[in-house]
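Observations on the three-dimensional arrangement
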Amino acid sequence: MTTPALLPLSGRRLPPLNLGASALPHHRATLRLSEKFILLLILSAFITLCFGAFFFLPDSSKHKRFDLGLEDVLIPHVDTSKGDKNLGGFLIHGQGHDEHRHREEEERLRNKIRADHEKALEEAKEKLKKSRDEIQAEIQTEKNKVVQELKKKDSKPLPPVPLPNLIGINSGEPTDLDIREKRNKIKEMMKHAWDNYRQYGWGHNELKPIARKGHSTNIFGNSQLGATIVDALDTLYIMGLHNEFREGQEWIDKNLDFSVNSEVSVFEVNIRFIGGLLAAYYLSGQEVFKIKAVQLAGKLLPAFNTPTGIPWAMVNLKSGVGRNWGWASAGSSILAEFGTLHMEFVHLSYLTGDPVYYNKVMHIRKLLQKMDRPNGLYPNYLNPRTGRWGQHHTSVGGLGDSFYEYLLKAWLMSDKMDTEARKMYDDAIEAIEKHLIRKSNGGLTFIGEWKNGHLERKMGHLTCFAGGMFALGADGSRDDKAGHYLQLGAEIAHTCHESYDRTTLKLGPEAFKFDGGVEAVAVRQNEKYYILRPEVIETYWYMWRFTHDPKYRQWGWEAAQAIDKYCRVSGGFSGVKDVYSSSPTYDDVQQSFFLAETLKYLYLLFSNDDLLPLDNWVFNTEAHPLPVLHLANTTLSGNPAYQ
Ligand code: DMJ
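No experiment lies behind these values; they were computed from the predicted model shown.

Quick notes on the rules
- Residues numbered from 1 in each chain as written.
- Predicted model: local features only at pLDDT ≥ 70, side-chain atom pairs only at ≥ 80, totals over all residues.
- Heavy atoms only, no water.
- Axes fitted to C-alpha atoms, helices over the stretch in contact; angles between N-to-C directions.
- Helix = DSSP H or I, 4+ residues; strand = E, 2+ residues; numbered from the N terminus.
- Parallel < 35°, antiparallel > 145°, perpendicular 65-115°, else oblique.
- Left-handed = near helix turned anticlockwise from the far one by under 90°.
- Contact = heavy atoms within 4.5 Å.
- Nonpolar A, V, L, I, M, F, W, Y, C, P; charged D, E, K, R; others polar.
- Core = buried A, V, L, I, M, F, W, Y, C linked by side-chain atoms within 4.5 Å.
- Buried < 20%, exposed > 50% of the residue type's maximum accessible area, 1.4 Å probe, protein only.
- Pairing = 2+ DSSP bridges.
- Disulfide = S-S within 2.5 Å.
- Near = heavy atom within 4 Å.
- Polar contact = N/O pair within 3.5 Å; in protein donor to acceptor, adjacent residues only side chain to side chain.

Axis separation between helix α8 (residues 266-284) and helix α9 (residues 287-300) bottoms out at 8 Å; the angle between their running directions is 160 degrees. In terms of orientation, α8 and α9 fall into the roughly antiparallel class. Pair α8 / α9 crosses with left-handed handedness. Here Val266, Val269, Asn270, Phe273, Ile274, Leu277, Leu278, Ala280, Tyr281 and Ser284 of α8 lie close against α9, whose contacting residues are Glu287, Phe289, Lys290, Lys292, Ala293, Leu296, Ala297 and Leu300. Of the residues contributing to the contact of α8 with α9, the split by class is 13 nonpolar, two polar and three charged.

In structure tokens:
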């Protein structure tokens, strides 16, 4: 009997394969070959070893092993001295017959081992005869098969669930002529933004409206995932731009593929892509959106593989390797990022019947609940390795904002059943009011930032969303302080309007101060830009819905006109670098959130309240509407898959 020359004995390295004339020239190629060979050769080595052991061990031990094997496999423990017994289908003979039978069994097994071994050797020899190209082709075919299998698995129809009550997805036409005209103007702006993206940036994440070509930022890695298409879908839908919606759907169906070697922001991909796809699914009922959302969510899950379960900020969609931004307090995860997954992940579990998504976000919540909070405030940074807070910075703007928003919205989205989330929201807001909210000398209410025991009297454009959040959370607030929170929302809306009104372009700066005689004005040059952000208009809209005070429509219209006048270019809409300059320069980016949020909130502001009523829909932080889930509790028992 010949043994293969390549037995991988005791961890020794395998010598390179010698394939004669067709021997692989490169070490790399040799390694690739080993994918298949090593398996085969290990198999044949293993068989040889068993075979050898069987023959060369001393007789007694051989028999002992064999007897044990037979007893274990075939014969229940019986007392064979008492003659023949028929037990459980096996005929057990007396002692003399036993020996004969064992010998026969031995012979049969020997033959089988010999035959298996020879077969394995034959197969290995066959392989060795093949050329490098043939072997590579075989490996490729195997790989393709696996990919196909995975794809088939991915596109399996998902289990049906009862769709929530989807109210008010097509209405909202105002009777007032002036309001209708304004609404039509917003729709025209959307068409301008979409058509130019369609023409110059199609399939890219965003558009450069002046250079007239595609654009992307590092939040989407190096991928071309059509962020604008996914982000814009639901706005197109509610505006009745159905041809455009269908174009987007077709692109997604044919081109949106998440198996790309690209490192993306978990938060951004969640709020824009998963949120956008889920909203498009609920509005249109088209399965493709749900399937893509679930596929993408599967790609984000490896980000949660950290020692604490607090996800990394970024994940490579192909390898699943995650990491954090270097600048974030020694590699911490960011509150507004890991705290802004809840809504989408609960919906994913609801739609798929798979609790994995729900469990991930509930784990984050439980972990946060256990932690001490300095002054009751949540710091913006949390180390996912140690589970400890990073720098003690707290903000209702960038890095913190949507964490608070999602606590409130988790409660609303659960049909107000998730009281744990509501309590966390109430506690957090009380601490924020106590430590961060102040009135300026000129009487403007602002929300500052807490930095290592010191209040910075500066407010970001991003923070302006909080006016809408306070109004949305007024109903159901602790100690029945609804009036107080509605008033707080109105004050923030007023302050943010002032930040717009005190500029030359009537567009708000990125950040503004309340210090040393300065009120709601940006001081540093790098805080004077406006990049088509939605937060101020978002607050106007919520305030309009809750108060119907016409000033909110008036303020919204001012902003829409300013955007149309100063940000519109023939190739779309661009951000501007200085809102205090009468001849602003452009940043040449049409952000995807301009179509997802800014134009949607404007359109809703000039629509009747029966379009996406707030009793039935909750908007994610990228303005993608998700329906309220009327569940008995937060364990998603509405889904039959859970029952
Ligand atoms: C959006 O992507 C979301 O609103 C996010 O929560 C914060 N920033 C942008 C828009 O400014």
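Read on for the rest.
Glancing now at the nonpolar core. Among the nonpolar cores identified, the biggest contains 158 residues, and Ile186, Phe470 and Ile563 are the most heavily contacted of them. Among the elements that make up this core, the one with the highest residue count is α8 (12 residues). Grouped together as the second largest cluster of nonpolar side chains are six residues, Ala313, Trp325, Ala328 and Tyr381 included.

Positioned with a positive phi, Ala330 is a non-glycine residue whose angle comes to about 55 degrees. Among the secondary structure elements, Ala330 is positioned in the loop between β7 (322-323) and β8 (333-334). In this model, Asp479 sits at a positive phi of 55 degrees, which is unusual for a non-glycine residue. Relative to the helices and strands, Asp479 is located in the loop between α15 (465-474) and α16 (482-501).

With that settled, consider the pairing of strand β17 (residues 518-521). Along any regular strand the residues' side chains alternate between the sheet's two faces. The pairing of strand β16 (residues 511-515) with β17 spans three bridges and is classified as antiparallel. Looking at β17, one finds that Lys513 is bridged to Val521. Between the antiparallel neighbours β16 and β17 lie two residues, among them Gly516 with a positive phi of about 50 degrees.

Let us now look at the side chain of Gln249. Structurally, Gln249 can be placed in helix α7 (residues 242-255). Look past the residues within four positions of Gln249 in its chain and what remains in contact with it is Leu233, Gln286, Val288 and Phe289.

Turning our eyes to something else, we now look at the state of the cysteines. Scanning all chains against the criterion turns up one disulfide. Here Cys464 connects covalently by a disulfide to Cys496, the sulfurs 2.0 Å from one another. Handedness of the Cys464-Cys496 disulfide follows from its S-S torsion of about -95 degrees: it is left-handed. Within this pair, whereas Cys464 is found in the loop between β15 (458-460) and α15, its partner Cys496 is found in helix α16, the two being separated by 32 residues in sequence.

Taken together, Ile271, Arg272, Leu462, Arg533, Pro534, Glu535, Phe593, Glu597, Thr621 and Glu622 make up the full set of residues adjacent to the ligand. Within the side chain of Glu535, an N or O atom sits 2.7 Å from an oxygen atom of the ligand. The side chain of Glu622 places a nitrogen or oxygen atom 2.5 Å from an oxygen atom of the ligand. Taken together, the elements giving at least two residues each to the shell around the ligand come down to α8 and α19 (592-605). For the shell around the ligand, the residue count by class is four nonpolar, one polar and five charged.

Turning to the pairing of β16, a few remarks are in order. Relative to β16, β15 is paired through three bridges, and the arrangement is antiparallel. Bridging across to β16, Lys458 finds its partner in Lys513.

Spatially, the three strands line up as an open sheet ordered β15-β16-β17, and their pairing is antiparallel. On the outer flanks of this sheet lie β15 and β17, each paired with one strand and no other. When strand polarity is set aside, the average angle formed by the axes of neighbouring strands in this sheet is 15 degrees. Sitting on the sheet, α16 touches β15, β16 and β17, and the angle it makes with β16 is about 105 degrees.

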